[in-house]
Amino acid sequence: MAQSERLRFRSTDAALQTAFDRATEMALSHRGNPADPVGDWYEAALPSRFAFCMRDVAHQSMAAEMLGLGKANSNMFSQFAKNISDSKDWCSYWEINKEGKPAPADYRNDEEFWYNLNANFDVLNAAWKLYLWTGDKRYVNGLEFANFYRKSVREYVERWVLQPDSLLSRPLHPNALAGYDDKDSFHRCRGLASYSEGVHDLKMGVDLIAALSRGMQTYADMLRLEGKNTEAAAFDKKAEQYRQHIENKWWSEKEDKYFTYYSSKGAFGYTEGETFLLWFDVLKDTTRTRKTIDQILARDWNIENQSYFPYVLGQYGYPDQIRSQVLHLTDPATKRREYPEVSYGAVQGVVQGIMGIDADARVNRVTTLFNGRAEDTHTIENLPVLQRNISVTESVKTTSLRNAGSSAVQWRVMFAGKHPFIMVNGARRKASQTVVKGSRTASFLEVTVPAGREVTARIE
């Protein structure tokens, strides 16, 4: 972006504004050189590797889009998609460096490499979110993308024995080499069934099942976009099978929380994983969801896990906790805050967590829902979304959206609580009510914002 068009945040909360400015500066410092052999890219791995890995890119990509790094997103997702192969059992490269090669820290050859099985579905879902945000349909039906998705939901699932009825009975290492060496991480971790990497005999992680459920649901949504409704319904059913498996097999009545892994010894246990139940949005039981969030907030986590919190908490409310998480992630005293995910997580946490901004290219719609503290007013300027820039100013009772694009955009303006009417540019209009995540009630209106115009909505 040109300097005058750079994403900017202004707030009555000086601490939060400082946090956002720090996060933006740090995030942009991780941008790679577009002239590198790999093409346009940004760091999404340990900075010393000059590389990007699938999990981190899936997490960082929305904030990257907001920061004007859309060309890098397009290139990096394409790199993952085109490198899926039969010889790697339908895995891609877990991590790619600036030379356009698989990072040596994670790859020796097509038979010996590190790979977390969540990755294909995380990337699939992240690409869908980018389509909804940008309107770039290549993320759905570009040739390399469509092939990656098709192989992931079919051959990949079969090769790694990830069918709903095989999750607890599958082999520990379904594609083990003839000369398998358990002490070699490129053998043992070639197909980890979780993002959690600290359990030696982990057969299945609840986070992988959540990724499978979301992946199948997202693929169904992609098929519907292409008019393939019958095929989409079949993948809806698969998504629900994985989700029901989590609810029926993984909830501990004794501990009042979800187990996070199942071992080769046939025992459930606890490690990391709860965060991804929220990230992949597979929980529908509101009581269990609240207890899961309480579990997350009650303990300390590594910085990678924490970097997800501002966004996922924002989907369920929690304004004070979102703010405190953003401040922590950007505090100069926080260890490892230079890890790329941290700054990107803070940016997304402000835009989508606190300000509740989202988009849906299918209906040319931007949504806003204020999740900030009652005393605060926030403004985001030059936010690229749906192939235009918008600016949004929010407080608990008033929201304005300015459309700097060349065509109209639909705006679903939402306010927390039950409000029979919403004022739009001074005219009273009857509002509708809906239930958003976490059993919260919100009132909303659908408003058209013409090109070059600003519309203000408020509740009385």
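For the structure itself, look to the data block above.
Fair warning: this is a prediction, and the values are worked out from it, not measured in the lab.

As a further point, take the packing of aromatic side chains. In the structure shown here, the tally under the stated rule is 27 aromatic pairs. Ring centres of phenylalanine 52 and phenylalanine 80 lie 5.6 Å apart, and the angle between their planes is 75 degrees; this geometry places the pair in the edge-to-face category. Of this pair, phenylalanine 52 sits in strand β2 (residues 51–53) while phenylalanine 80 sits in helix α3 (residues 70–82), and the two are 28 residues apart along the sequence. We note that phenylalanine 52, like phenylalanine 80, is buried. Judged by centre distance (5.1 Å) and plane angle (70 degrees), the ring pair of phenylalanine 276 and tyrosine 308 falls under edge-to-face. A residue pair is termed long-range when its members are at least 10 positions apart, and phenylalanine 276 in helix α10 (residues 274–279) and tyrosine 308 in the loop between α12 (303–306) and α13 (309–314) qualify at 32 residues. Here phenylalanine 276 falls in the buried class, since its relative accessible area comes to 5%.

Moving on, we get to empty space enclosed by the protein. Throughout the structure, instances matching the rule amount to four cavities of 30 Å³ or more. Taken as a whole, the largest cavity holds about 60 Å³ of empty space. In this structure, the largest cavity is lined by Trp160, His173, Pro174, Asn175, Ala176, Leu177, Tyr180, His187 and Arg190.

One side chain can pair with another of opposite charge once the charged atoms of both are near each other. For the structure shown, the criterion picks out 34 salt bridges. The salt bridge partner of aspartate 184 is arginine 108, with a shortest N-O separation of 2.9 Å. Of the two residues, aspartate 184 is situated in the loop between α6 (143–159) and α7 (185–188) and arginine 108 in strand β4 (residues 107–109); the sequence distance between them amounts to 76 residues. One salt-bridge network, in which partners are shared between bridges, spans Glu240, Arg243, Glu247, Glu253, Lys284, Asp285 and Arg288.

A few words now on the sheet that holds strand β12 (residues 268–269). Remark on secondary structure: sheet strands pair via backbone hydrogen bonds, oriented parallel or antiparallel. As summarised here, the arrangement of the three strands in space is β8-β11-β12, forming an open sheet in which the pairing is antiparallel. Since the sheet does not close on itself, it has two edges, and those belong to β8 (202–205) and β12, each with one partner.

Cut-offs used in this document
Residues numbered from 1 in each chain as written. Predicted model: local features only at pLDDT ≥ 70, side-chain atom pairs only at ≥ 80, totals over all residues. Heavy atoms only, no water. Phe/Tyr/Trp six-rings, centres within 6.5 Å; stacked < 30°, edge-to-face > 60°. Helix = DSSP H or I, 4+ residues; strand = E, 2+ residues; numbered from the N terminus. Buried < 20%, exposed > 50% of the residue type's maximum accessible area, 1.4 Å probe, protein only. 1 Å grid on protein atoms, 1.4 Å probe; cavity = no way out; pocket = protein on both sides within 12 Å on 5 of 7 lines; lining within 4 Å. Points joined across faces, edges and corners; volume = space filled by probe spheres on them. Salt bridge = Lys/Arg side-chain N within 4 Å of Asp/Glu carboxyl O. Pairing = 2+ DSSP bridges.

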